[in-house]
Structures are given as C-alpha cells and as structure tokens.
Amino acid sequence: QLQLVESGGGLVQSGGSLTLSCVATGATGSTLERYAFGWFRRAPGKEREAVSLISTRGRATNYTDSVKGRFTISRDNDKSTIYLQMNSLTPDDTAAYFCAASSHWSKLLRGEDTIWGQGTQVTVSS
C-alpha cells in the first residue's frame with residue numbers, strides 16, 4: 001500500500017524559499033509511474049487549494065495562477081520522491097501543504113481514490 005510522508009516545511013521571511021519533499025513508500029520506482037501526484041494546501045478558514053500537479057512520468061505539470069513563476073513541481077521516480085520548490089514566498093503562501101497521489105490528475109482534483117500525506121506546515125512572516 002502506498003504511503004506518503006512530507007517534509008521541508010518551516011518558518012521563513014517574505015521573499016525566502018523552501019523546498020518540500022514527499023517520499024512515497026510501498027512502491028518501487030517503476031510502480032510509482034502509475035501515479036500522478038499533486039501538492040495541495042489549506043490555510044485556516046480557507047478551502048483546500050490545488051497548488052500544483054504532475055503527471056505519472058513528469059512530462060506534464062500544472063500550477064494554480066497564484067504560484068506560477070514562483071513554484072516548481074518535480075519528481076524523481078528512482079528516489080520515490082516528489083518535490084515542490086517554492087521561491088519568493090509571501091504571507092499568502094502560509095498554509096499546511098499536503099502531498100497526494102492517484103492514478104490520474106483528474107482524480108486528484110476530485111479526491112477520488114486518492115492517497116494523502118499528513119502534511120507539513122509552511123509559515124511566511126511579513
């Protein structure tokens with residue numbers, strides 16, 4: 001059974017950078033290619049937001065408008081790890097960030113047959 005563990009969150013100042021990692025266990029690099037991945041975030045009092053998506057082999061990516069040009073999603077199937085590089089952070093980026101996996105990006109958006117990590121907190125001070 002696939003399990004996801006996020007790390008890399010913390011407290012940074014506005015304009016700073018963080019790299020989040022999501023390590024997947026229970027799947028080899030070859031079987032990991034069966035999954036599309038995404039990074040989601042939720043701030044207190046706000047709806048859960050899809051931040052970025054990446055296809056099964058990393059050939060296609062997608063970003064919400066508010067992070068385009070600042071965030072980069074990538075994956076290394078050999079290391080069973082998905083990354084989110086975050087630059088030029090602002091207080092609006094403060095949220096709990098979650099890694100998620102499913103067989104297709106459309107299922108991630110619907111929360112259908114989706115495996116979730118426990119989350120990592122990102123706090124950006126002004």
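For the structure, see preceding data.
Residues numbered from 1 in each chain as written. Predicted model: local features only at pLDDT ≥ 70, side-chain atom pairs only at ≥ 80, totals over all residues. Heavy atoms only, no water.

On a plain count of helices and strands, the chain comes out with two helices and eleven strands. Moving toward the C terminus, one meets the helices and strands of the chain in the order β-β-β-α-β-β-β-β-β-β-α-β-β. Taking 2.2 N^0.38 as the reference for a compact globule, 126 residues should give roughly 14 Å; the C-alpha atoms of the chain span a radius of gyration of 14 Å, in line with that estimate. Reported as C-alpha extents along the three principal axes, the dimensions of the chain are approximately 40 × 25 × 25 Å. Taking all 126 residues of the chain together, 41% fall into the buried category. Split by element, the accessible area of the chain, about 6700 Å² in all, is 46% carbon and sulfur. Of the charged side chains in the chain, 13 are positive and 11 negative, and the gap between their average positions amounts to 3 Å. (Helix = DSSP H or I, 4+ residues; strand = E, 2+ residues; numbered from the N terminus. Rg over C-alpha atoms; globule rule 2.2 N^0.38 Å. Buried < 20%, exposed > 50% of the residue type's maximum accessible area, 1.4 Å probe, protein only. Areas by Shrake-Rupley, 256 points an atom, 1.4 Å probe, with all protein chains shown as cover. Lys, Arg positive; Asp, Glu negative; His and termini not counted. Charge placed at Lys NZ, Arg CZ, Asp CG, Glu CD.)

This next bit is on the nonpolar core. If you look at the biggest cluster of nonpolar residues, it comprises 29 residues, and the most contacted ones within it are F37, W39, L84, M86 and Y97. Those elements that place two or more of their residues in this core are β3 (18-25), β4 (36-42), β5 (49-54), β7 (71-76), β8 (81-86), β9 (95-102) and β11 (120-125). Residue contacts for L84: discarding those within four places in its chain leaves L18, T19, L20, W39, V51, S52, F71, T72, I73 and Y97. Core analysis: the second largest hydrophobic core is formed by five residues, F40, L53, A100 and L108 among them. (Core = buried A, V, L, I, M, F, W, Y, C linked by side-chain atoms within 4.5 Å. Contact = heavy atoms within 4.5 Å.)

Before going further, it helps to examine the sheet that holds β8. With antiparallel pairing, the four strands of this open sheet are ordered in space as β1-β3-β8-β7. Where the open sheet ends on each side, the last strands, each with one partner, are β1 (3-7) and β7. The sheet shows a mean angle of 15° between the axes of neighbouring strands, direction not considered. Sheet topology places β3 next to β8; six bridges connect them, and they run antiparallel. Counterpart to L18 in the pairing with β8 is M86. (Pairing = 2+ DSSP bridges. Axes fitted to C-alpha atoms, helices over the stretch in contact; angles between N-to-C directions.)

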